[in-house]
Amino acid sequence: MSPRTSKWFFEYLSADELHGHSIVETIYHAKTKFQELDIVLTGSYGKALILDGKLQSSETDEFIYHEAIIHPAFIAHPTGPERIMVVGGGEGATLREALRHRTVKRALMVDIDEEVVFACRRHLPSYAAGAFEDPRAELRFEDARKYLEQTSETFDAIVIDLPDPIEEGPAYLLYTTEFYQVVRDRLTEHGVIALQAGTAAPHMLFNLASVVATLRTAFPIVRPFIAQVSSFGLPWTFALATKGPDPRQLSIQEVDTRVKNRIDGPMRWFDGETNAGLFHLPRYMREALSTQGRIIRDNEPLLFKK
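Rules and cut-offs
- Residues numbered from 1 in each chain as written.
- Predicted model: local features only at pLDDT ≥ 70, side-chain atom pairs only at ≥ 80, totals over all residues.
- Heavy atoms only, no water.
- Helix = DSSP H or I, 4+ residues; strand = E, 2+ residues; numbered from the N terminus.
- Rg over C-alpha atoms; globule rule 2.2 N^0.38 Å.
- Buried < 20%, exposed > 50% of the residue type's maximum accessible area, 1.4 Å probe, protein only.
- Pairing = 2+ DSSP bridges.
- Axes fitted to C-alpha atoms, helices over the stretch in contact; angles between N-to-C directions.
- Contact = heavy atoms within 4.5 Å.
- Patch = residues over 30% accessible without salt bridge, like charges linked within 9 Å, V, L, I, M, F, W, Y side chains within 5 Å.
- Areas by Shrake-Rupley, 256 points an atom, 1.4 Å probe, with all protein chains shown as cover.
- Salt bridge = Lys/Arg side-chain N within 4 Å of Asp/Glu carboxyl O.
- Parallel < 35°, antiparallel > 145°, perpendicular 65-115°, else oblique.
- Left-handed = near helix turned anticlockwise from the far one by under 90°.
- Core = buried A, V, L, I, M, F, W, Y, C linked by side-chain atoms within 4.5 Å.

Novice: In this structure, what is going on with the overall build of the protein? I would like to understand it.
Specialist: Scanning the protein for helices and strands turns up 10 helices and 12 strands. By the compact-globule yardstick of 19 Å for 306 residues, the protein fits well, its C-alpha radius of gyration being 18 Å. Taking the principal axes of the C-alpha coordinates as reference, the protein spans close to 55 × 45 × 40 Å. Expressed as a percentage of its 306 residues, the buried residues of the protein come to 58%.

Novice: Any chance you could explain the sheet that holds strand 3 (residues 36-42) here in plain terms?
Specialist: Pairing between the strands of a sheet comes from backbone hydrogen bonds, and it takes one of two forms, parallel or antiparallel. If you walk across this open sheet you meet the five strands as 1-2-3-4-5, and the pairing is antiparallel. A strand with exactly one partner marks an edge of an open sheet, and here the two such strands are strand 1 (8-14) and strand 5 (54-58). Going from strand to strand, the sheet's axes swing by 45° on average, the running direction of each strand aside. Inspection of the sheet shows strand 2 (residues 17-31) paired to strand 3 by seven bridges, in the antiparallel sense. For E25, the partnering residue across the bridge sits in strand 3 and is L41. Each of strand 2, strand 3 and strand 4 (46-51) touches helix 3 (residues 114-123); the most contacted strand, strand 3, lies at about 20° to it.

Novice: How should a nonpolar patch on the surface be read in this particular structure?
Specialist: On the surface, a cluster of nonpolar side chains totalling about 450 Å² of accessible area is made up of W8, F10, Y12 and L18. Of the residues forming the nonpolar patch, the biggest block, three residues, is contributed by strand 1. The topology assignment puts W8 in strand 1. Given the relative accessible area of 41%, W8 is considered partly exposed.

Novice: Hey, could you run me through the pattern of salt bridges in this one?
Specialist: Between side chains of opposite charge, pairing is possible as soon as their charged atoms come close. According to the stated counting rule, one finds 18 salt bridges in the structure shown. Two residues, E138 and R106, come together in a salt bridge whose shortest N-O distance is 2.6 Å. Placement of E138 in strand 8 (residues 137-140) and of R106 in strand 7 (residues 106-110) is noted, with a sequence separation of 32 residues between them. Residue classification places E138 among the partly exposed residues on the basis of a relative accessible area of 26%. Residue R106 is classed as partly exposed on the basis of its relative accessible area of 21%. Between E142 and R140 there is a salt bridge, with the nearest N and O atoms lying 2.9 Å from each other. Residue E142 is classed as partly exposed on the basis of its relative accessible area, which comes to 27%. By relative accessible area, which is 30% here, R140 ends up partly exposed. Look at the salt bridges and you will find they share partners, linking R106, E138, R140, E142 and E153 into a network.

Novice: When you look at the packing of helix 7 (residues 206-215) against helix 10 (residues 283-291) in this model, what are you seeing that I'm missing?
Specialist: For any two helices packed against each other, one specifies the inter-axial angle together with the distance between the axes. Packing of helix 7 against helix 10 brings their axes to within 8 Å, and their N-to-C directions diverge by 60°. Looking at the two axes, helix 7 sits oblique to helix 10. Relative to helix 10, helix 7 is oriented so that their crossing is right-handed. Contact residues: helix 7 offers L208, A209 and V212, while helix 10 offers M285, A288 and L289.

Novice: I'm lost on the nonpolar core in this one. Help?
Specialist: Side chains of nonpolar character tend, in soluble globular proteins, to be buried together. Core analysis: the biggest nonpolar cluster contains 47 residues, and F74, I84, F225, F238, W269 and F270 have the highest contact counts within it. For this core, the element with the highest residue contribution is helix 1 (residues 62-76), accounting for nine residues. If we skip the residues at most four places from it in the chain, I84 touches F74, A98, V104, R106, A107, L108, F155 and A157. Counting 40 residues, the second-largest nonpolar core is a separate cluster that includes A144, L148, F155 and L302.

Below is the structure:
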C-alpha cells in the first residue's frame, strides 16, 4: 500500500528506534519560549500535538491516555476529589476528564506555556470540549512547582500531565523527589497524585523504575500501570500514588458503582474490569522495578536528549 503523502514525521523512541507518521498537513508550528510546538494532521490518527519532536496525543486515541491519567486515580479517592490541580495538560483533555467527576468543585490548571494552550484551544477544540469555560475551572500560566511551593491551598488530587524530562525543556524539575514531597504536602489526607511515566518497552524501563523509586520517597502507596496508546509506538506507563487508599483493593463492582455515581458521560477505556487488571504488572516489569532505576533529585535530574 503506497502512502497518501510523501511527508513524514519520525519520532526517535531511542537512539536505535523510531516511529513514523505520515503528515497530511502541518496545521501550526511555533517555537515558544519553552519548547518547539507542532500541530499536524496525520494519516492514521487525525490531528496530533507534538512538543520538542515527541508526539503528545492524537485525536484517535487521546481518550485512552486522558482516561488513564485521570480516572484510576480519582476513583481511588474514597469519596471523590473536590479540589483538584492539573499541572501541564495544555490540550485541555486532562482537565476535560477531571471535570467529568461530579464531586469536583474546583479545578486549577497550571501550565507554564501559554502558547501551547492557546494553539490547542484554537486548533484542537475537541480535546478540551468546553472544559476551559467550565465555571469550576481556573487557568494559570506560571511555574507549577513555584506555585505549589508558595501556596497554602491543599488539593484532593494533583495530576502531573507533562512531557518527558527533556534537557533544557520545561518539565525536568517536576520529576524529582523534592517536587514529589512538595506535592505530598499540598495533598489532603486521602489525596492522590497521577502522572505519565514513560514507555513500558522491556529494554527502556529505567525511566519508569526511576519515577516509581522517586515517588516511593514521598508516598506509601505507589501503583504503576500500562495503557496501550498506539500512536506512541510503544506501550505506555502511568503511575498513581496516595497517602493511603490503595486502588488494588477495589473490587470490580465497587469501581463500577463509583463510576456510575461520580462520572458524567460514557467511558471508552476505563471501568471496573479495566481497573482490576491495571495494577498486576508482567514479571519483567516487576523485576525491573526492583533492580533498575534511581531516585531523581533536583541536582541529579533524569534527562532525555532532544
